[in-house]
Structures are given as structure tokens and as C-alpha cells.
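Each chain, letter by letter, is given below.
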Amino acid sequence: MKLIFAIVNDDDAARVLSVLNRAGFGATKLATTGGYLKSGNTTFISGVEDEQVDQAISLIGQNARKRTQLIHDTTSMGSFNTMSMPLEIQVGGATVFVLNVERFEKL
Ligand code: 2BA
């Protein structure tokens, strides 16, 4: 068994959860915050059988859109001056980690 962690945009979360559930995957939805943008995103935890990992990842990938976002990178130019440079970054569709599960119990 594997544990999938998938970080997706909040706007895609309802769709991702719905397709996972429809395909029979159990999932837990966590409200998380990206360390770089410091804005909200959603992390799903899903325990799946080894042979189902690819199917789960593919459902997540098909329903999590890549987005281009403009951020303002502030660079210090000395003690008083700062310069704000627009920087284009690509966020998502999904950041996925797959971990081995040593033991799984439902008590
Ligand atoms: P954030 O940390 O808010 O990052 C949002 C986006 O900012 C990233 O998109 C990436 O395009 C950019 N970014 C992140 N760190 C950067 C840096 N040091 N310099 C320049 N650009 C940077 P994604 O890579 O698609 O990541 C989306 C979210 O997935 C992240 O939100 C974070 O919550 C999570 N994530 C990504 N990589 C991770 C990792 N190695 N470990 C844990 N969480 C991760």
C-alpha cells in the first residue's frame, strides 16, 4: 500500500476530490499553505493499493490545472531602497509525493 500526498490549487480541490471519490479512492482533504507564496492550497492524503497509484495520480493530474502567476519579487538595493520586480511563476497542476505504508489499520 502507498500513501499519496497531492498538493493542488484550492480552485481545483472540489473537482479532484469528486473524481477520486467517484473512482472509489478514499481521500482526506487538508487546508494547507504554500511556503513560497504563503497563500492557501489544498493537500489530499489518499491511501491506495500499489497497483492503483498510477490511476489515482492520473485522475489528480487531469483535474488540477497549471496556472501562471505574477508575483512581485522585492530586492533590497541598500538600506532604504527596494526594487519590486514582476516575476512569472508556474504553479501546479499538482505536486505529488508517494510514500510506502508500513501498516494500515481501521480500528
Ligand atoms: P508554494 O510554496 O506557495 O509555491 C508556489 C509556486 O511558487 C511553486 O509552484 C513554484 O512555481 C514557485 N516556487 C516555490 N518555491 C520557489 C522558490 N524557492 N523560488 C522560485 N519559485 C518558487 P509548485 O512547484 O507547483 O508548488 C505548488 C505548491 O506545492 C507549493 O506552494 C507548496 O505548497 C507545494 N510544494 C511544492 N514543492 C514542494 C516540496 N518539494 N515539498 C513540499 N511541498 C511542496
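Reading the values: rules and limits
Residues numbered from 1 in each chain as written. Predicted model: local features only at pLDDT ≥ 70, side-chain atom pairs only at ≥ 80, totals over all residues. Heavy atoms only, no water. Near = heavy atom within 4 Å. Polar contact = N/O pair within 3.5 Å; in protein donor to acceptor, adjacent residues only side chain to side chain. Areas by Shrake-Rupley, 256 points an atom, 1.4 Å probe, with all protein chains shown as cover. Helix = DSSP H or I, 4+ residues; strand = E, 2+ residues; numbered from the N terminus. Nonpolar A, V, L, I, M, F, W, Y, C, P; charged D, E, K, R; others polar. Salt bridge = Lys/Arg side-chain N within 4 Å of Asp/Glu carboxyl O. Buried < 20%, exposed > 50% of the residue type's maximum accessible area, 1.4 Å probe, protein only.

Draft legend 1. Expanded view of the site of the ligand. Residues in close proximity to the ligand include Ile 7, Gly 34, Gly 35, Tyr 36, Leu 37, Asn 41, Ile 89, Gln 90, Val 91, Gly 92, Thr 95 and Phe 97, which together make up its full environment. Between Leu 37 and the ligand, the recorded distance is 2.8 Å, taken from a backbone N or O atom to an oxygen atom. Contacts to the ligand include Thr 95, whose side-chain N or O atom sits 3.4 Å from an oxygen atom. A total of 750 Å² of accessible area belongs to the ligand in isolation, and the protein chains cover 54% of it. By residue number, the principal contributor to the shell around the ligand is strand β5 (residues 82-91), which donates three residues. Across the shell around the ligand, the residue classes break down as six nonpolar, six polar and no charged.

Draft legend 2. Quick peek at the pattern of salt bridges. One pass over the full model with this rule turns up three salt bridges. A salt bridge links Arg 67 to Asp 12; the shortest N-O distance between them is 2.8 Å. One end of the pair, Arg 67, is in strand β4 (residues 67-76); the other, Asp 12, is in helix α1 (residues 10-22), and 55 residues separate them in sequence. Its relative accessible area of 1% is what places Asp 12 among the buried residues. A salt bridge links Glu 105 to Arg 103, with the shortest nitrogen-to-oxygen separation between them at 2.7 Å. Because the salt bridges share partners, they merge into one network encompassing Asp 12, Arg 15 and Arg 67.

Purely spatial values, then, with no claim about function.
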